[in-house]
Amino acid sequence: MNPTLYPKVGIRPTIDGRLGGVRESLEERTMLQARAVADLIARELRYPDGSPVECVIAETCIGGVREAAACAERVKRENAGVSLTVTPCWCYGSETMDMDPHLPKAVWGFNGTERPGAVYLAAALAGHTQKGLPAFGIYGKDVQSATDTEIPDDVRGKLLDFVRCGLVVALMRGKSYLSMGGTSMGIAGSVVDTAMWEKWLGMRVEAIDMSEFAGRMKKSWYDPAEYEKALAWVKENCPEGKDYNSPESTRSREQIDSEWEDSVKMTLIARDLMVGNPKLVEMGLGEQAQGHNAIAAGFQGQRQWTDHFPNGDFLEAILNSSFDWNGKRAPYLVATENDALNGAGMLFGNLLTNTAQIFADLRTYWSSEAIETASGREFSHPLVKDGILHLINSGPAALDGTGEMETDGVPSMKPFWEITDAEVEKCLKATTWHPSVTEYFPGGGLSTRFRTRGGMPATMIRLNLVDGLGPAIQLAEGYTIDLPDDVHDALDQRTNPTWPTTWFAPILTGQGAFSSTYEVMNHWGANHCVMSHGHIGHHYLTLASMLRIPVYMHNVSGERIFRPSSWNAFGTADLEGADFRACSNYGPLYGNK
């Protein structure tokens, strides 16, 4: 993504418009509040390339509709994708509000008794609700003095949560999902639904046939110098592990070397298809050099490709990681088996955290009793109540998923600009590459094997598409789990040991889908899931409300849920039901464009 095109945060300092002593006394104080918010955002939030998030503040305080219109023109000209109104006082509600139907909106009304900022907040939010323009309300718990310019912690948290999620909406708008191939093995998620991407996410779907890969490989339509560099890096940093094929299905050394070469070529081609490559212009390939403006993609793979060519395991693992032969960089998001719904989940998680994502099958629920039976060892773990979930997939997760990065001594996945060279080396050393199982992949390929370190706070999510409802999200916060080596091996060998494994224990609440780990598995809506670093379920809920996507399964406590104030009008006792009613009422964010 071109950094110059990153959306900014539009900050709207609104003010009591009455001249003759009232407005004049508030001008400086109102602008100070706006600048304090801008400083906070620039200090705490980052774009996908690591640069500070930029804000654009209205040139004057907004006391009426003329100044509101001037602000709207400026924020549009400055590419603001998020609208944040701040004020310490009463203002004329419907005259000063932002009317753009596609910008995520919030209003911070200062809690100070000298001036009725909270009164304006209530009036403005009522106006947004009445006009069908959902807005988030931000109001500090404790009263501050009128001269206090400090942003309280509770307000600070809501400001950052709103902007973080609002920027995800803005960063997706106008971008593409690139469908590389079609439907994989009849998986419903890889039947790409164009309407969902357009109406709910504001994106378009681009598509290429798998023959584009075959043609570019045959004609060497990739940067030859980068290919040689990448292949040398692979030989040095991607150690081969055990070949689990039977003697009859073991492929020759010559064949596997050829598969390595093709896998590297496929990786370069997939990236070029997504974002383009100016090097191709020098090769006389001006059209191919443009790419598809894709912020996420999916690789069909099985079976029409993998029956004849190497699988996409290397392609997916390396592109989804935060580093390669060119060094540390932002991940290129590629969904296994072209599961576009999981690709959307990966996109949400990546833009919320600026980190790589783990794509996986939600393969197996292992009860504590079943673990003991399979391993012959008594099993207990402080983070496990009744069992664990086995996340594993033939399409390898990002190598960041090894958990070899650390934050404050705890395994983590980090934005690429925070990753050390030593952590990159640890991730690479924790990963082995195995000749794929020939029965699964007649065309060959190399599959990754690693085990995610335990103790990482994580959030597992899935976006599902429901006929008559549209997209809906489910999520589970929890922790990755370490198993003793012999216990891990006993369980891991029951499936395909050439694939990466993450053991996950969801946090149980004792209610509904979270009454047990089994019920989490039993309520999951598809075969795939995405795992993000951190307990960020509340961010997913906030983002989903901005997009008008209901969340029907989560274990986020009520005090952490932050949605537009108009959601209260759809019910306060049953927040899940209110979410469904609100999303249905407003419809997809771009549905009426």
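Peer 1: If you had to explain the nonpolar core to someone new, which residues and values would you point to?
Peer 2: In this structure, L84, W197 and L201 are the most contacted members of the largest nonpolar core, which totals 84 residues. L231, V234, I269 and M531 belong to the second largest nonpolar core, which has 64 residues in total.

Peer 1: Tell me about a negative patch on the surface, residues and numbers included.
Peer 2: On the surface, a cluster of negative charge is contributed by D142, E150, D153 and D154. Position of D153 relative to the elements: it lies in helix α5 (residues 153-172).

Peer 1: Explain empty space enclosed by the protein to me, using residue names and the numbers behind them.
Peer 2: Counted by the stated rule, this structure contains three cavities of 30 Å³ or more. As a volume, the largest cavity reaches approximately 70 Å³. Lining of the largest cavity is provided by 14 residues; of these, Q302, G312, D313, E316 and T336 occupy positions nearest its centre. When the residues that make up the lining of the largest cavity are grouped by side-chain class, the tally is two nonpolar, nine polar and three charged. Taken as a whole, the second largest cavity spans an internal volume of roughly 60 Å³. Lining the second largest cavity are G10, R12, C71, A72, V75, A80, V82, S83, D98 and L103. Mapped by element, the contributors of at least two residues to the lining of the second largest cavity are β1 (8-13), α2 (65-77) and β3 (80-87).

Peer 1: Lay out the pattern of salt bridges in plain terms, naming residues and giving numbers.
Peer 2: Tallying each qualifying case throughout the model produces 27 salt bridges. A salt bridge links E212 to R216, with the shortest nitrogen-to-oxygen separation between them at 2.8 Å. Here R216 and E212 lie together in helix α7 (residues 211-219), a separation of four residues that amounts to about one turn. When its relative accessible area of 26% is taken as the criterion, E212 is described as partly exposed.

Rules of the game
- Residues numbered from 1 in each chain as written.
- Predicted model: local features only at pLDDT ≥ 70, side-chain atom pairs only at ≥ 80, totals over all residues.
- Heavy atoms only, no water.
- Core = buried A, V, L, I, M, F, W, Y, C linked by side-chain atoms within 4.5 Å.
- Buried < 20%, exposed > 50% of the residue type's maximum accessible area, 1.4 Å probe, protein only.
- Patch = residues over 30% accessible without salt bridge, like charges linked within 9 Å, V, L, I, M, F, W, Y side chains within 5 Å.
- Areas by Shrake-Rupley, 256 points an atom, 1.4 Å probe, with all protein chains shown as cover.
- Salt bridge = Lys/Arg side-chain N within 4 Å of Asp/Glu carboxyl O.
- Lys, Arg positive; Asp, Glu negative; His and termini not counted.
- Charge placed at Lys NZ, Arg CZ, Asp CG, Glu CD.
- Helix = DSSP H or I, 4+ residues; strand = E, 2+ residues; numbered from the N terminus.
- 1 Å grid on protein atoms, 1.4 Å probe; cavity = no way out; pocket = protein on both sides within 12 Å on 5 of 7 lines; lining within 4 Å.
- Points joined across faces, edges and corners; volume = space filled by probe spheres on them.
- Nonpolar A, V, L, I, M, F, W, Y, C, P; charged D, E, K, R; others polar.

Honestly, that's just the spatial picture; any functional story needs more than this.
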